Amino acid sequence: MDEFDLVITNGVCVTATDVAPLDVAVKDEKIVRLAPSGSLKASRTKRLIDAEGGFVTPGGVDCHVHLQEPSMFGKGSSADTYETGTRSAIAGGTTTVVAFAPQQKSLDSVLTALANTHELARDNSYCDYGFHLLVANPCARALSEFQQLASTEGVTSLKIYMTYEALQLRDNEILSVLLEARRNSILTMIHAENGDVLAWLTEQLEAAKLFAPKYHGHSHAPILESEATNRAIALSSLVADTPILLVHVSEPAAALRIRAAQTAGQPIFAETCPQYLFLTRDDLDQPGFEGAKCVCAPPPRDAEDQKAIWRGLRNGTFALLSSDHCPFRFDDAETGKKTCLSEEYPVGRFRHIPNGIPGIETRLPLAFSARKMEMTKFVEVTSTNAAKLYGLYPRKGSLIPGVSDADLVVWYPDGALGDITLTNDILHHDVDYTPYEGRKLQNWPRFTILRGRVMWDRDGGGVVGDKSYGEFLKRQKSTLNAIWDTVQEEGPFDLEKL
Ligand code: DUC
Ligand code: ZN
């Protein structure tokens, strides 16, 4: 009888706090032992992987992923299904995704939105997965369902928008969501851009006949983001410091506001994404319609802004580096970027270009290859903090024997691959481009292992796992900084204290 299902020998294990040469043993989907390097090589095991000195990290946890969503961000709908999006995730080293269950404004129930999304994902996922509720209609019925969402359904986070006609909430609606979220220990993610200012700027640009993709960047001026970020923080403080997470932060003034709130002790969390580290506004300013490939919101900013965002990642302002994978095909006039082209508008109308770019597979290789963070920081922001913030830790995001799922990435030894050129044809999404075409990378996940099963073997068949292995994850409340304990200690929202 084998002692283990899998042993990884000769690797250098990295967690959010430590780097050490250790062998890893796996049994019944869990990590069961970490032992000095080489010491488990001769164990009885069904499978032995020799990491040859490469890093072994916890599987990536990507909690900002849009899959199989209807049209909400301009014309067009998601290119990736749960199957193709999670296939891409696993090939890029991500073993857990938390995607969105969208409640549209026409629907008064969040539980129905959740049930609909379960139907799409069930038996269709190469990774483990959870859902955030995307709340577009916080009517009385929807709010009353938050309790069941968190306590029974395992959905302990939700997302709201301060922009997009199909999704935008008014400040009073935001407050109602925050209050009900607070009562149920639900973490609220906020897309902070001022939708009214965006609409006004768009009108101004169109009146001046400025329609090309690059004007998407002008219409999303940084002030939209810093103003909305400030407002979101103010609203959360009004509702007795309800924890919020500002998603996809792209510009320094917003980052500074977040840092100030954190310094003042407010439970404000923040995320950034590869597009704000690796793209700039020049990528929107390409001949013809080409810039549409990089249209996302907020848009890529300037090179100086990129530096500030890297700094924020290193200094802890941003707890997370997520993908915001929101894929639309480029050469597709039915559901993709080209839905906004017409004879009258040969370079399209930026206001109708679907907002979003693919990035679920490239997130880890890009961040790893940039070598701008310590390896421990890399693990912290791409895996551990996401698991903590979204109630999955320590099952996900770490390598704790007897506790953590055996979700692992085995990287190539330093220098073993030379330079890899990133091209769309090496990716596994259902999208016809990558915004990072032609970039040079120094590493790529060699193996991705989900609960002990090799799902991705780059040199031995590529995606080798099957699409029904991914499981739905019921999540606990957020544990990063024990924020809910603080909120609970402070007691209920008290109007007398205002
Ligand atoms: N930003 C994007 O670029 N796409 C989807 C949603 C969002 O907020
Ligand atoms: Zn968003």
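Just so you know, these numbers come straight off a predicted model, no measurement behind them.

### Examining the overall build of the protein
Okay, step 1: The helix and strand inventory of the protein stands at 14 helices and 20 strands.
Okay, step 2: Here the C-alpha atoms of the protein give a radius of gyration of 22 Å, agreeing with the 23 Å that 2.2 N^0.38 yields for 498 residues.
Okay, step 3: Taking the principal axes of its C-alpha atoms as reference, the protein extends roughly 70 × 60 × 40 Å.
Okay, step 4: For the protein, the proportion of its 498 residues judged to be buried stands at 61%.
Okay, step 5: Taking as baseline every contact in the protein between residues at least 6 positions apart, the subset at least 24 positions apart corresponds to 76%.

### Side note on the packing of helix α12 (residues 363-370) against helix α13 (residues 375-389)
Okay, step 1: Where α12 meets α13, the axes come as close as 10 Å, and the angle between the chain directions of the two elements is 155°. In this view, α12 runs roughly antiparallel relative to α13, as classed from their interaxial angle. Every pair of crossing elements has a handedness; the one defined by α12 and α13 is right-handed. Packed against α12, whose contacting residues are R363, L364, A367 and F368, the element α13 presents M375, F378 and T382 at the interface.
Okay, step 2: Of the residues in the contact of α12 with α13, the class split is 5 nonpolar, 1 polar and 1 charged.

### A few points about the side chain of D62
Okay, step 1: Residue placement: D62 occurs in strand β7 (residues 60-65).
Okay, step 2: By relative accessible area, which is 0% here, D62 ends up buried.
Okay, step 3: Every residue in contact with D62, bar those within four places of it in the chain, is listed here: T94, T96, V97, V98, S322, S323, I360 and R363.

### Remarks on the coordination of the zinc ion (ligand 2)
Around a metal, the idealised angle for a tetrahedral arrangement of four donor atoms is 109.5 degrees; for an octahedral arrangement of six donor atoms it is 90 or 180 degrees.
Okay, step 1: Taken together, the protein donors to the zinc ion (ligand 2) comprise K159 (NZ), H191 (ND1) and H248 (NE2), at separations of 2.1 to 2.8 Å.
Okay, step 2: In this structure, the zinc ion (ligand 2) is surrounded by 4 donor atoms whose angles at the metal cover 78 to 132°, and the resulting shape is irregular.
Okay, step 3: Look at H191 and you get buried, because its relative accessible area is 1%.

### As for the UniProt feature "modified residue: N6-carboxylysine" (unreviewed entry) in the protein
Okay, step 1: Mapped onto the present numbering, the UniProt feature "modified residue: N6-carboxylysine" (unreviewed entry) falls on K159.
Okay, step 2: Relative to the elements of secondary structure, K159 occurs in strand β10 (residues 157-161).
Okay, step 3: Residue contacts for K159: discarding those within four places in its chain leaves H64, H66, F100, L133, L134, V135, M189, H191, V247 and H248.

### Quick look at the site of ligand 1
Okay, step 1: In the vicinity of ligand 1, the residues found are H66, F73, Y161, Y164, H191, H248, C296, A297, D324, C326, N355 and G356.
Okay, step 2: H248 is positioned such that a nitrogen or oxygen atom in its side chain is 3.2 Å from an oxygen atom of ligand 1.
Okay, step 3: Look at ligand 1: alone it shows 240 Å² of surface, and the protein chains cover 99% of it.
Okay, step 4: Taken together, the residues of the shell around ligand 1 sort by class into 6 nonpolar, 5 polar and 1 charged.

### Here's the deal with a nonpolar patch on the surface
Okay, step 1: On the surface, L238, L495 and L498 cluster together into a nonpolar patch covering about 330 Å² of accessible area.
Okay, step 2: Inspection of the secondary structure puts L238 in helix α8 (residues 222-238).

### Here we look at the pattern of salt bridges
Side-chain pairs of opposite charge can arise whenever the charged atoms involved come near each other.
Okay, step 1: Applying the stated criterion across every chain, the model contains 35 salt bridges.
Okay, step 2: With its nearest N and O atoms 3.7 Å apart, the salt bridge here joins D62 to R363. Of the two residues, D62 is situated in strand β7 and R363 in helix α12; the sequence distance between them amounts to 301 residues. For the residue pair D62 and R363, the accessibility class agrees, reading buried in each case.
Okay, step 3: Salt-bridge contacts for D128 lead to R451; the nearest nitrogen and oxygen are separated by 2.7 Å. Taken together, the residues D128 in strand β9 (residues 128-134) and R451 in the loop between β18 (445-450) and β19 (453-457) connect sequence positions 323 residues apart.
Okay, step 4: By relative accessible area, which is 2% here, R451 ends up buried.
Okay, step 5: Through salt bridges with shared partners, one network takes in E29, K30, D128, R395, K396, D405, D407, R451 and E471.

### Some remarks on the nonpolar core
Okay, step 1: Among the nonpolar cores identified, the biggest contains 102 residues, and L133, F146, L246 and F378 are the most heavily contacted of them.
Okay, step 2: Apart from residues no more than four positions distant in its own chain, L246 is found in contact with I190, A192, T229, A232, I233, I258, I268, F269, A270 and E271.
Okay, step 3: By size, the runner-up hydrophobic cluster in this structure holds 28 residues, among which are L134, L167, L392 and L480.

### Re the packing of aromatic side chains
Okay, step 1: Taken as a whole and judged by the stated rule, the model has 13 aromatic pairs.
Okay, step 2: Relative to F378, the ring of F368 has its centre 5.6 Å away and its plane inclined at 90°; by these criteria the two rings are edge-to-face. Within this pair, whereas F368 is found in helix α12, its partner F378 is found in helix α13, the two being separated by 10 residues in sequence. For the pair shown, F368 and F378 are each scored as buried.
Okay, step 3: Linked through ring pairs, F55, F368, F378 and W411 together constitute an aromatic cluster.

### A short note on the sheet that holds strand β13 (residues 268-272)
Okay, step 1: The 8 strands lie next to each other as β7-β8-β9-β10-β11-β12-β13-β14, forming an open sheet whose pairing is parallel. Each of the sheet's edge strands pairs with one partner strand only, and the pair in question is β7 and β14 (320-321).
Okay, step 2: For strand β11 (residues 187-191) and strand β12 (residues 244-246), the ladder comprises 3 bridges, and the chain directions are parallel. Across the sheet, residue T188 finds its bridge partner in β12, namely I244.
Okay, step 3: The strands touched by helix α1 (residues 82-91) within the sheet are β8 (94-102) and β9, with β8 carrying the most contacts at an inclination of about 150°.

### Some remarks on unusual backbone geometry
Okay, step 1: In this model, A297 is joined to P298 through a cis peptide bond whose omega is -5°.
Okay, step 2: In this structure, P298 sits in the loop between α10 (275-278) and α11 (303-314).
Okay, step 3: Following Y393, the chain continues into P394 via a peptide bond in cis, with omega recorded as 5°.
Okay, step 4: In this structure, D28 takes a positive phi of about 50° despite not being glycine.
Okay, step 5: As for its position among the elements, D28 is in the loop between β3 (19-27) and β4 (30-36).
Okay, step 6: Not every positive phi belongs to a glycine, and D241 is a case in point at roughly 55°.
Okay, step 7: Structurally, the position occupied by D241 is in the loop between α8 and β12.

Thresholds, definitions, all that
Residues numbered from 1 in each chain as written. Chains lettered and ligands numbered in written order. Predicted model: local features only at pLDDT ≥ 70, side-chain atom pairs only at ≥ 80, totals over all residues. Heavy atoms only, no water. Helix = DSSP H or I, 4+ residues; strand = E, 2+ residues; numbered from the N terminus. Rg over C-alpha atoms; globule rule 2.2 N^0.38 Å. Buried < 20%, exposed > 50% of the residue type's maximum accessible area, 1.4 Å probe, protein only. Contact = heavy atoms within 4.5 Å. Axes fitted to C-alpha atoms, helices over the stretch in contact; angles between N-to-C directions. Parallel < 35°, antiparallel > 145°, perpendicular 65-115°, else oblique. Left-handed = near helix turned anticlockwise from the far one by under 90°. Nonpolar A, V, L, I, M, F, W, Y, C, P; charged D, E, K, R; others polar. Donors = N, O, S within 2.8 Å, 3.2 Å for Na, K, Ca; no water. Tetrahedral: all angles 85-135°; square planar, octahedral: opposite > 155°, others 65-115°. UniProt positions renumbered as here; feature names shortened; annotations may be inferred. Near = heavy atom within 4 Å. Polar contact = N/O pair within 3.5 Å; in protein donor to acceptor, adjacent residues only side chain to side chain. Areas by Shrake-Rupley, 256 points an atom, 1.4 Å probe, with all protein chains shown as cover. Patch = residues over 30% accessible without salt bridge, like charges linked within 9 Å, V, L, I, M, F, W, Y side chains within 5 Å. Salt bridge = Lys/Arg side-chain N within 4 Å of Asp/Glu carboxyl O. Core = buried A, V, L, I, M, F, W, Y, C linked by side-chain atoms within 4.5 Å. Phe/Tyr/Trp six-rings, centres within 6.5 Å; stacked < 30°, edge-to-face > 60°. Pairing = 2+ DSSP bridges.

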